[in-house]
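If you want the building blocks of each chain, they are given just below.
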Amino acid sequence: MSSNVNAIRKLAEREYKWGFVSEIESESVPKGLNEEMVRLISAKKHEPEFMLEWRLKAYRHWASLERASAEPKWANIRYGPIDYQNMVYYSAPKQKPALESLELLDPEILATYQKLGIPLDEQKRLAGVAVDAVFDSVSVVTTFKEKLREAGVIFCSFSEAVQQHPELVRKYLGSVVPYTDNFFAALNAAVFSDGSFVYVPRDVHCPMELSTYFRINAAETGQFERTLIVADASAYVSYLEGCTAPIRDQNQLHAAVVELVALDDAQIKYSTVQNWYPGDREGKGGIYNFVTKRGKCEGVNSKISWTQVETGSAITWKYPSCILRGDNSVGEFYSVALTNNYQQADTGTKMIHIGKNTKSTIVTKGISAGHGQNTYRGQVKIMKGAVGARNYTQCDSLLIGDKCGAHTFPYIEVRNSSAKMEHEASTSKIGEDQMFYLRQRGIKGEDAISMIVNGFCKRVFRELPMEFAVEAQKLLSVSLEGSVG
Amino acid sequence: MKSPLLEIRNLHVSVDRHQILKGIDLQVNAGEVHSIMGPNGSGKSTLAQVLSRRDAYEVNSGEALLNGEDLLAMKPEEAAWAGVFLAFQYPVEVPGISNAYFLRTAVNAMRKARGLEEMSAMEFLPMFREKLRLLEMDDKLMNRSVNEGFSGGEKKRNEILQMAVLEPKLAILDETDSGLDIDALRVVAKGINAMRGPERAIVVVTHYQRLLDYIVPDFVHVLVDGRIVRSGGPELARELEETGYGSMEASTSAA
């Protein structure tokens, strides 16, 4: 039996196969953060005045929070102090970003994405997915720009949007997540270096899935990207986000912001498969994933749907949320969060019902293995004017082994008596009964666990675009390797 | 001479230091149907589970050989690959995994372990449908989650369906008749009888004689307090029906 356990351990050790480092010459700025650094980043990006002003205001706000030690402490996660002066805030591959053609891309970067299984070229063309790739801090390539342009869809790096569509950026930047929102959102607003920008005009059904792939490569570098997606009246867009990072002993900070805006009758579907380096099995290293994601259903009958599969990161702190302002608008949150070894996740959502007959659905599946700690934190708020609001919440936890933990913190606040709220929760263990049943049918231990977990997550996987669903299932199996023994 | 399919010698098994099996000897050849009968708590289910390698039990002494190989050294999946099948007394639910997907995964796990090529969905489905018909089960059950929301009778039928698909060498049926009404019992028995053959042995573990009206065993063993106290032909089951286990218990304490 012990040789069996050893074999499983070995598997666990080599489980993170995205942990390589690419040798790419990069241009970085010195460590540390101050007003000068913010000016430097803005200058490097040749930003217009309004951007610099906004960044500086954000920086001053963040600095005041930092002085007051106002980093959020309420989450059910534990980590040592972060030294914000001992971090690099900008790193770019040494070559001109935002290329028009793939041939111009550094072959090392291209090779990196190929290694990651992110085909930026022909394969993705066949699959009909447009990709924006963010390497360290800057966007290196966006595929399919032409085809999208024909449909009127703008899909480009954030830097490019600032240059070419400043009026759109100015109108929507910070309109959902203001820089005053929280500590990490303020930090992001001050130093964010790139990200993706999407604008789908009125009545346009975006002809393909849009996808961004984030990769942290450089050491001691924080990644602060910002994504802004605007769906104009009656527009539709489906957006996918994936992420990986090399294996490093030091923790690295990833503090992103995502803002979604849906106008009348518009729909945005946002899917994430997050696989940042989770740290080793002793809990050393890994990414701190402190992310603010929020969507605003501004228009009537609009809909925003978040689906996330979180398997990576040492610590995850994120609550993709919906502000349901438009009457009859719909918010959805489907989540699978897995913590193995010493990973910690405090994740969930907020659904703020403002408009009449607004509806929200929350389905979360938390899986804890090893010493993993998994927390669901959710808030459903029905405002006074939200007549006929409805919420359905289901949060299920699955425990594998006896050293992990699952925690649930649902907050419900109702200020209109016509609201209908439903809340279901369950916690279960992968039982010895279930394991024996599957193994008696010839299915090996590891495969049995992965089958039980995939079954547990099925409701959420159904919401993912097909190719992502397959990837997510595989990822769960890999992330669970080593959890039996 | 060919070794028997299953040979149990002087098997002693305990749970939490509590002795359950106190020296079992049993030989089962391919092509035979054996019935193990006994009152509640006599150790019937323990025997069934030890043979299918559930690890909650401690084997204190004795051995069990499957085709001459040490069955007690195998993991549950290894025993399954070697041809051991247990029809569970309490089948387990697997939410979110369809019956068809589950069974195809099981079939392919077995085939892989035996060095055979995996079966495609196209090859699997017609075979699966045929077995569904044998057990008079609705096609809809293919896409329902394993045992989830099944009635007691459906669960038991589903066990026999799995047996029919997996075609084991040694099938152990643990109280398959409990909780079945007479119509379901008849269908289940039909499924089991269809599985009888020269290459396969079936061990029917049951409390009641009722099932044996439909599946007539070649041998009947009476298990009382961890020991086989009597063995005989099918007539032994009928005798038990009339006299009950009480007389057997008396005969053991006298022995």
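This report concerns the structure included in the present document. Residue positions are counted from 1 within each chain, in the order its sequence is given. The naming scheme follows written order: chains are lettered A onward, ligands numbered 1 onward. Since the coordinates come from a predicted model, pLDDT governs what is reported: local features require at least 70, and pairs of side-chain atoms require 80 or more to be given and counted, while whole-chain, interface and lining totals use all residues. Side-chain measures here rest on the full set of heavy atoms in the structure, leaving out hydrogens and waters.

**Description of the overall build of chain B**
Turning to step 1, where the next piece is worked out: Put simply, DSSP H or I for four residues or longer makes a helix, DSSP E for two residues or longer makes a strand, and each gets a number counted from the N terminus. Of regular secondary structure, chain B possesses eight helices and 12 strands.
Turning to step 2, where the next piece is worked out: A buried classification covers 53% of the 255 residues belonging to chain B.
Turning to step 3, where the next piece is worked out: Contacts are assigned to residue pairs with any non-hydrogen atoms lying within 4.5 Å of each other. Taking all contacts inside chain B whose residues are at least 6 apart in sequence as the whole, residues at least 24 apart take part in 68%.
Turning to step 4, where the next piece is worked out: The Shrake-Rupley method, run with a 1.4 Å probe sphere, supplies the accessible areas, and residue values consider only the shown protein chains as cover. When the accessible area of chain B is evaluated, it comes to approximately 11,300 Å², of which 48% is carbon and sulfur surface. To sort residues, take the accessible area from a 1.4 Å probe on protein chains only and compare it with the maximum for the residue type: under 20% means buried, over 50% means exposed, and anything in between is partly exposed.

**Some details on the overall build of chain A**
Turning to step 1, where the next piece is worked out: The helix and strand inventory of chain A stands at 13 helices and 23 strands.
Turning to step 2, where the next piece is worked out: Per-residue burial over chain A gives 63% buried out of 485 residues.
Turning to step 3, where the next piece is worked out: In chain A, 84% of the contacts between residues at least 6 apart in sequence involve partners at least 24 apart.
Turning to step 4, where the next piece is worked out: Within the structure as shown, chain A displays about 18,600 Å² of accessible surface, and the carbon and sulfur contribution to it stands at 49%.

**Considering helix α5 (residues 152-166) of chain B**
All names here are of chain B.
Turning to step 1, where the next piece is worked out: Any helix carries an expected span of 1.5 Å times its number of residues minus one. Look at α5: 21 Å from first C-alpha to last across 15 residues, which is about the 21 Å you get at 1.5 Å a residue.
Turning to step 2, where the next piece is worked out: Most of α5 is tucked away: 13 of the 15 residues are buried.
Turning to step 3, where the next piece is worked out: Trailing α5 by a residue or two, Glu167 shows a phi angle of about 45°, which is positive.

**Quick notes on the sheet that holds strand β10 (residues 201-206) of chain B**
Residues and elements named next belong to chain B.
Turning to step 1, where the next piece is worked out: Taken in spatial order, the six strands make up an open sheet running β6-β9-β10-β3-β11-β12, and their pairing is mixed. The open sheet terminates on both sides in strands that have one partner only, identified here as β6 (84-87) and β12 (227-232). Across the sheet, the mean angle from the axis of one strand to that of its neighbour is 20°, orientation sign disregarded. One bridge is not enough; two strands pair if DSSP finds at least two bridges between them. Every axis corresponds to a line fitted to the C-alpha atoms, with the helix fit spanning only the stretch in contact, and the corresponding angles, defined between N-to-C directions, vary from 0 to 180 degrees.

**Details of the packing of aromatic side chains**
Pairs of aromatic rings are described using the distance from one ring centre to the other and the angle between the two planes.
Turning to step 1, where the next piece is worked out: What counts as a ring pair is set by centres within 6.5 Å for rings of Phe, Tyr and Trp (its six-membered ring), and what kind of pair is set by the plane angle: stacked under 30 degrees, edge-to-face over 60, tilted for all other angles. As enumerated under the stated definition, the model contains 25 aromatic pairs over all chains in all.
Turning to step 2, where the next piece is worked out: Between A:Tyr437 and B:Phe88, the aromatic rings sit 4.7 Å apart at their centres with planes inclined by 75°, giving edge-to-face as the arrangement. Of this pair, A:Tyr437 sits in helix α10 (residues 432-440) while B:Phe88 sits in the loop between β6 and β7 (94-98), each in a different chain.
Turning to step 3, where the next piece is worked out: Take B:Phe88: its relative accessible area is 5%, and that puts it in the buried class.
Turning to step 4, where the next piece is worked out: Three or more aromatic residues link up through ring pairs in this structure, and these residues are A:Tyr59, A:Trp62, A:Trp74, A:Tyr79, A:Tyr84, A:Phe183, A:Phe184, A:Tyr288, A:Phe290, A:Trp317 and A:Tyr319.
Turning to step 5, where the next piece is worked out: In this scheme, the term charge over a ring applies when either NZ of a lysine or CZ of an arginine sits within 6 Å of the ring centre and within 35 degrees of the ring normal. Directly above the aromatic system of A:Phe192 lies the positively charged group of A:Arg55, at a separation of 4.4 Å from the ring centroid.
Turning to step 6, where the next piece is worked out: The lysine or arginine in question, A:Arg226, covers the ring of A:Phe192, its NZ or CZ lying 5.8 Å from the ring centre.

**Section: the packing of helix α3 (residues 99-113) of chain B against α5(B)**
Residues and elements named next belong to chain B.
Turning to step 1, where the next piece is worked out: One way to put it is that α3 packs onto α5 with a least axis distance of 10 Å and a crossing angle of 35°. Along this stretch, α3 crosses α5, giving a crossing that reads as right-handed. In this structure, α3 uses Asn99, Phe102, Leu103, Ala106, Val107 and Met110 to contact α5, whose residues at the interface are Asn158, Leu161, Gln162, Val165 and Leu166. Should the near helix be turned counterclockwise from the far one by less than a right angle, the crossing is left-handed, whereas a clockwise turn marks it as right-handed.

**Section: the interface of chain A and chain B**
Turning to step 1, where the next piece is worked out: Taken together, the contact between chain A and chain B spans 18 residues of the former and 33 residues of the latter.
Turning to step 2, where the next piece is worked out: As used here, buried area is the combined drop in accessible area, with a 1.4 Å probe, of two parts when they are placed together. Roughly 2,200 Å² of surface becomes buried between chain A and chain B when both sides are summed, with 62% attributable to carbon and sulfur atoms.
Turning to step 3, where the next piece is worked out: Considering only the side of chain A, the residues that lose the most area to chain B are A:Phe436, A:Tyr437 and A:Arg441, jointly responsible for 35% of the buried surface there.
Turning to step 4, where the next piece is worked out: What counts as a salt bridge is simple: a side-chain nitrogen of Lys or Arg found within 4 Å of a carboxyl oxygen of Asp or Glu. The interface formed by chain A and chain B holds four salt bridges in total.
Turning to step 5, where the next piece is worked out: Between A:Arg439 and B:Glu77 there is a salt bridge, and its shortest N-O distance comes to 2.7 Å.

**Quick notes on the pairing of strand β20 (residues 373-382) of chain A**
Residues and elements named next belong to chain A.
Turning to step 1, where the next piece is worked out: Within β20, seven of the 10 residues are buried, which leaves the element mostly enclosed by the surrounding structure.
Turning to step 2, where the next piece is worked out: One ladder, built from 10 bridges, connects strand β18 (residues 344-353) with β20; its direction is parallel. Bridge pairing in β20 links Gln344 to Gln373.
Turning to step 3, where the next piece is worked out: Of the pairings in the sheet, the one linking β20 to strand β22 (residues 405-414) comprises 10 bridges and is parallel in character. Each bridged residue has a counterpart across the sheet, and for Gln373 the counterpart in β22 is Gly405.

**Here we look at helix α6 (residues 182-194) of chain B**
All names here are of chain B.
Turning to step 1, where the next piece is worked out: The end-to-end C-alpha distance of α6, which contains 13 residues, comes to 18 Å, matching closely the 18 Å that a straight helix rising 1.5 Å per residue would cover.
Turning to step 2, where the next piece is worked out: Considered for burial, the residues of α6 that qualify are Ala184, Leu185, Val187, Val188, Ala189, Gly191 and Ile192.
Turning to step 3, where the next piece is worked out: Packing partners of the buried residues in α6 comprise α4 (121-134), α5, β9 (170-174) and β10.
Turning to step 4, where the next piece is worked out: With a side-chain oxygen lying 3.2 Å from the backbone nitrogen of Asp183, the N-terminal cap of α6 falls on Asp181. Any pair of nitrogen or oxygen atoms within 3.5 Å is treated as a polar contact; in protein, a donor-acceptor pairing is required on top of that, and neighbouring residues in sequence qualify only through side-chain atoms on both sides.

**What to know about the side chain of A:Lys296**
Residues and elements named next belong to chain A.
Turning to step 1, where the next piece is worked out: Along the chain, Lys296 falls in strand β13 (residues 286-297).
Turning to step 2, where the next piece is worked out: In terms of polar contacts, Lys296 uses its side chain to reach the backbone carbonyl oxygen of Ser175, at 3.4 Å.
Turning to step 3, where the next piece is worked out: Beyond its immediate sequence surroundings of up to four residues, Lys296 is in contact with Ser175, Val176, Leu260, Val261, Ala262, Ile304 and Ile323.

**Here's the deal with the packing of helix α3 (residues 49-67) of chain A against helix α9 (residues 183-191) of chain A**
All names here are of chain A.
Turning to step 1, where the next piece is worked out: Where α3 contacts α9, the two axes come as close as 7 Å, and the packing angle between them is 140°. Here α3 runs over α9; the crossing is left-handed. Of the residues in α9, those in contact with Trp54, Arg55, Ala58, Tyr59, His61, Trp62, Leu65 and Glu66 of α3 are Phe183, Ala186, Leu187, Ala189, Ala190 and Val191.
Turning to step 2, where the next piece is worked out: Side-chain classes follow a simple rule in which Ala, Val, Leu, Ile, Met, Phe, Trp, Tyr, Cys and Pro form the nonpolar group, Asp, Glu, Lys and Arg form the charged group, and the remainder, Gly included, forms the polar group. Partitioning the contact of α3 with α9 into residue classes produces 11 nonpolar, one polar and two charged.

**Let's talk about the side chain of B:Ser145**
Residue and element names in this part refer to chain B.
Turning to step 1, where the next piece is worked out: Along the chain, Ser145 falls in strand β8 (residues 145-146).
Turning to step 2, where the next piece is worked out: Accessibility expressed as a relative area gives 14% for Ser145, which makes it buried.
Turning to step 3, where the next piece is worked out: Within the local environment of Ser145, its side chain forms a polar contact with the backbone nitrogen of Gly96, the two atoms lying 3.0 Å apart.

**Some thoughts on the sheet that holds strand β5 (residues 69-70) of chain B**
All names here are of chain B.
Turning to step 1, where the next piece is worked out: Strand order across the open sheet formed by four strands is β2-β1-β4-β5, with antiparallel pairing between neighbours. For this open sheet the edge positions go to β2 (18-28) and β5, each flanked by a neighbour on one side alone.
Turning to step 2, where the next piece is worked out: With seven bridges joining them, strand β1 (residues 6-15) and strand β4 (residues 58-66) adopt antiparallel strand pairing. Across the sheet, residue Leu6 finds its bridge partner in β4, namely Leu66.
Turning to step 3, where the next piece is worked out: Running over the sheet, helix α1 (residues 44-51) touches β1, β2 and β4 and is turned about 115° from β1.

**Describing the pattern of salt bridges**
Turning to step 1, where the next piece is worked out: Counting across every chain of the model gives 32 salt bridges over all chains.
Turning to step 2, where the next piece is worked out: Of the charged contacts in the structure, one is a salt bridge between B:Glu7 and B:Arg9, with a shortest N-O distance of 3.3 Å.
Turning to step 3, where the next piece is worked out: The exposure class assigned to B:Arg9 is partly exposed, which follows from its relative accessible area of 35%.
Turning to step 4, where the next piece is worked out: The salt bridge involving B:Glu175 is made with B:Lys44; its shortest N-O contact spans 3.6 Å. Note that B:Glu175 is positioned in the loop between β9 and α6 and B:Lys44 in helix α1, a separation of 131 residues in sequence.
Turning to step 5, where the next piece is worked out: The class for B:Glu175 is buried, based on a relative accessible area of 8%.
Turning to step 6, where the next piece is worked out: Connected through salt bridges with shared partners, the residues A:Glu35, A:Glu36, A:Arg39 and A:Arg60 form a single ionic network.

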